[in-house]
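Observations on the model geometry
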Amino acid sequence: KFNALTTLIRKSLCDLVDAVDGRVVMSEPLEKLGQALVIGMIPIMWKSKSYPSFKPLSGYINDLLARLSFFRQWTQEKRPSSFWL
C-alpha cells in the first residue's frame, strides 16, 4: 500500500512540475493537485491510495515519512518483539 502511495506522490509531483514548465498539458487533476498543495491540503488523488488522515498536508507528510522510516527500520535492522493485531 505504501509503495503505491509513494509512487503516486512521486509521479504526480513530477507531472505537476512538467505541466508548470510547459512540457505537458495541465490537466484538471494536476490543477487540483496544485491548488491543494498551495492551500496545504492533502490532494484528492493521493487520498485514493492513502491511509485515512485528518491532518493538514504538512502533518500528513511528516506522518508519512515517520511511517516509511518505521518500515525501513523494521525491514533493514530488526523486527519488533511484538506485533499489533
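Residue indices begin from 1 for each chain and proceed along its sequence in written order. In view of the model being predicted, local features appear only for residues whose pLDDT reaches at least 70, and side-chain atom pairs are presented and counted only at 80 or more, with totals across whole chains, interfaces and linings using the full set of residues. Side-chain descriptors were evaluated using all non-hydrogen atoms of the structure, hydrogens and water having been removed beforehand.

**As for the side chain of S50**
Applicable threshold: Numbering of helices and strands starts at the N terminus; helices are DSSP runs of H or I of at least 4 residues and strands are runs of E of at least 2. Between N or O atoms, a polar contact is any pair within 3.5 Å; within protein, one atom must be a potential hydrogen donor and the other a potential acceptor, and residues adjacent in sequence are included only when both atoms are from side chains. For this analysis, residues touch if any pair of their heavy atoms sits within 4.5 Å.
Looking at where S50 falls in the secondary structure, it is placed in the loop between α3 (44-47) and α4 (57-76). Side-chain polar atoms of S50 contact the side chain of Y60, separated by 2.6 Å. When sequence neighbours within four positions are dropped, the list of residues in contact with S50 reads K1, L5 and Y60.

**Looking at the packing of helix α1 (residues 2-21) against helix α2 (residues 28-39)**
How we decide: Note on definitions: angles span 0 to 180 degrees between N-to-C directions of axes, and those axes are lines fitted to C-alpha atoms, for helices only across the stretch in contact. Oblique is the label for every angle not falling under 35 degrees (roughly parallel), over 145 degrees (roughly antiparallel), or within 65 to 115 degrees (roughly perpendicular). When residue character is reported, Ala, Val, Leu, Ile, Met, Phe, Trp, Tyr, Cys and Pro are called nonpolar, Asp, Glu, Lys and Arg charged, and the others, Gly included, polar.
In contact at an axis separation of 10 Å, α1 and α2 are set at 100° when each is read in the N-to-C sense. By the criterion of interaxial angle, the relationship of α1 to α2 is roughly perpendicular. Across the interface between the two elements, S12, L13, D15, L16 and A19 of α1 pack against L30, L33, G34 and L37 of α2. Here the residues of the contact of α1 with α2 are counted per class, giving six nonpolar, two polar and one charged.

**What to know about the confidence of the model for the protein chain**
To be explicit about the condition: Here pLDDT means the predictor's own confidence in every residue, given as a number from 0 to 100.
Mean pLDDT for the protein chain: 92, with 99% of residues reaching 70 or above. Looking across the protein chain, the model is least confident in α4, with a mean pLDDT of 92, and most confident in α2, with 96.

**Considerations on the packing of aromatic side chains**
Filter applied, for reference: Two aromatic rings, drawn from Phe, Tyr or Trp (for Trp, its six-membered ring), form a pair once their centres lie within 6.5 Å of each other, and the interplanar angle then sorts them: stacked below 30 degrees, edge-to-face above 60, tilted otherwise. Whether a residue is buried, partly exposed or exposed follows from its accessible area with a 1.4 Å probe, protein chains only, as a fraction of its type maximum: under 20%, in between, or over 50%, in that order. Two conditions define a charge located above a ring, namely a distance within 6 Å from the ring centre to NZ of Lys or CZ of Arg, and an angle within 35 degrees of the ring normal.
All told, the structure shown has six aromatic pairs when counted by the stated rule. For the pair F71 and W74, a centre-to-centre distance of 6.2 Å together with 35° between the ring planes defines the contact as tilted. Residue F71 and its partner W74 are located together in helix α4, separated by three residues, close to a single helical turn. Assessed through its relative accessible area of 31%, F71 is described here as partly exposed. The ring of Y51 is capped by R67, whose NZ or CZ atom sits 3.8 Å from the centre of that ring.

**What to know about the environment of V38**
Tracing the sequence through the fold places V38 in helix α2. Residues V38 and Y51 lie 13 residues apart in sequence; the distance between their C-alpha atoms is 21 Å.

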